[in-house]
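A structural walkthrough
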Amino acid sequence: EPHKHREVDILTWVLNGTLAHEDSTGFGGDVTPGTLQHLNAGPGVTHSERNASTTEPLVFVQMMVRANLASEPSYGQVEIPVVPGLHPGPEIDADASVFVARVDGQPLAVPAAASHLIHVTAGTLTVNGTALSAGDQWQGAAATPLELTALAPAEAIVWLLR
């Protein structure tokens with residue numbers, strides 16, 4: 001159902017299915033796996049999200065971070081490559097950066113940050129030796145880069161918080 005947010009950046013990552021998004025400013029569209037959606041609510045926006053299908057299930061992860069400025073609402077989508085790597089998401093209006101990590105066989109370095117939040121969305125990976133499965137999160141600070149490894153394809157949303 002339509003609901004309101006203000007002064008937050010909202011990131012949506014679809015795992016299965018198609019999410020239909022509409023908001024009060026006219027922004028909107030369908031979000032499918034491989035697309036990272038971003039909505040900056042600015043001073044206030046009403047939006048709705050629903051399953052675009054009446055037959056297929058929808059599974060998605062949605063995360064929010066408080067925005068620095070009450071800029072005008074904005075909406076966008078970033079297509080994330082399927083290849084291994086640390087792929088940047090959209091620029092957000094917060095003291096944070098967001099990435100999608102795709103890990104498969106080779107170690108992947110995540111830059112140092114004041115704090116990290118890593119949410120595993122598919123597969124099993126390790127963060128500096130700590131094993132995590134889909135749905136698990138790792139949170140902490142690291143003055144040095146983190147290392148993500150996986151024996152089989154894995155994926156995570158990675159937040160670098162300043």
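Everything numeric here is computed off the predicted structure, so don't read it as measured data. (Residues numbered from 1 in each chain as written. Predicted model: local features only at pLDDT ≥ 70, side-chain atom pairs only at ≥ 80, totals over all residues. Heavy atoms only, no water.)

1. Details of the overall build of the chain
To be explicit about the condition: Starting at the N terminus, helices and strands are each numbered in turn, a helix being any DSSP run of H or I of at least four residues and a strand any DSSP run of E of at least two. Put simply, the radius of gyration uses C-alpha atoms, and a globule should come to 2.2 Å times the residue count raised to 0.38. Burial status follows relative accessibility: with a 1.4 Å probe on protein chains alone, a residue under 20% of its type maximum counts as buried, one over 50% as exposed, and anything between as partly exposed. The contact definition used throughout considers only heavy atoms, calling two residues in contact when any of these lie within 4.5 Å. In these tables, accessible area is a Shrake-Rupley quantity obtained with a 1.4 Å probe, and a residue counts as shielded only by the protein chains included in the view. Think of it this way: Lys and Arg go in the positive column, Asp and Glu in the negative one, and His and the chain ends go nowhere. Charged side chains are reduced to one point each, which is NZ for Lys, CZ for Arg, CG for Asp and CD for Glu.
Along the backbone of the chain there are 0 helices and 17 strands. Compactness check: the chain gives a C-alpha radius of gyration of 16 Å against a globular reference of 15 Å for 162 residues, within 12% of the reference. When its C-alpha atoms are laid out on the principal axes, the chain stretches across 45 × 40 × 20 Å. In the chain, which comprises 162 residues, the proportion classed as buried is 44%. Relative to all contacts within the chain whose residues are 6 or more apart in sequence, the contacts with residues 24 or more apart total 71%. Accessible area for the chain stands at about 8,000 Å²; split by element, carbon and sulfur atoms hold 53% of it. Treating the 6 positive side-chain charges of the chain as one cloud and the 17 negative ones as another, the clouds have centres 7 Å apart.

2. Some points on unusual backbone geometry
Look at Glu 7: it is not a glycine, yet its phi comes out positive at around 55°. Mapped onto the fold, Glu 7 is located in the loop between strand 1 (3–5) and strand 2 (8–16). The backbone of Asn 128 sits at a positive phi, close to 50°, despite the residue not being glycine. Relative to the helices and strands, Asn 128 resides in the loop between strand 13 (124–127) and strand 14 (130–133). The class of Asn 128 is partly exposed, set by a relative accessible area of 48%.

3. A look at the sheet that holds strand 2
Rules: In short, DSSP must find at least two bridges between two strands for them to pair. In this description, a line fitted to the C-alpha atoms serves as the axis of each element, helices being fitted only across the stretch in contact, and the angle between N-to-C directions of two axes falls anywhere from 0 to 180 degrees.
Across the sheet, 4 strands lie side by side as 7-2-5-8; this open sheet has antiparallel pairing. The open sheet is flanked by strand 7 (59–66) and strand 8 (74–79), the only strands paired with a single partner. The mean inter-strand angle of the sheet, taken between neighbouring strand axes irrespective of direction, is 20°. Looking at chain direction, strand 2 and strand 7 are connected through 8 bridges and run antiparallel. Bridge pairing in strand 7 places Val 8 opposite Arg 66.

4. Side note on the nonpolar core
Stated precisely, the cut-off is as follows: As used here, the term nonpolar core means buried Ala, Val, Leu, Ile, Met, Phe, Trp, Tyr and Cys residues forming a set that is joined through side-chain atoms within 4.5 Å.
Formed by 20 residues in total, the largest nonpolar core has its most connected members in Val 103, Ile 118, Leu 125, Val 127, Leu 146, Leu 148 and Val 158. Those elements that provide at least two residues to this core are strand 10 (96–103), strand 11 (108–110), strand 12 (113–122), strand 13, strand 15 (137–142), strand 16 (146–149) and strand 17 (154–161). For this core, the leading source of residues is strand 17, giving 4 residues. Within the second largest apolar cluster, 15 residues are counted, among which are Trp 13, Met 63, Val 65 and Ala 94.

5. As for the side chain of His 38
Operational definition: The term polar contact refers here to a pair of N or O atoms within 3.5 Å; inside protein, the definition further demands a hydrogen-donor-capable atom paired with an acceptor-capable atom, and it admits residues adjacent in sequence only when both atoms are side-chain atoms.
The residue His 38 is located in strand 5 (residues 35–40) in this model. When its relative accessible area of 7% is taken as the criterion, His 38 is described as buried. There is a polar contact of 2.6 Å between the side chain of His 38 and the side chain of Asp 9. Apart from the residues within four sequence positions on either side, His 38 is in contact with Asp 9, Ile 10, Leu 11, Ser 74, Tyr 75, Gly 76, Pro 90, Glu 91 and Ile 92.

6. Digging into the packing of aromatic side chains
We apply this condition: A pair of aromatic rings is counted whenever rings of Phe, Tyr or Trp (Trp by its six-membered ring) have centres within 6.5 Å, and the orientation is called stacked for planes under 30 degrees apart, edge-to-face for over 60 and tilted otherwise.
A complete count under the given rule lists 1 aromatic pair for this structure. Plain terms: the ring middles of Phe 27 and Tyr 75 are 6.1 Å apart, the flat faces sit at 20° to each other, and that makes the pair stacked. Taken together, the positions of Phe 27 in the loop between strand 3 (19–23) and strand 4 (28–31) and Tyr 75 in strand 8 put the pair 48 residues apart, joining distant regions of the chain. Residue Phe 27 is classed as partly exposed on the basis of its relative accessible area, which comes to 30%. Taking relative accessible area as the criterion, Tyr 75 reaches 17% and is therefore assigned buried.

Shape is all these values report; function is a separate question.
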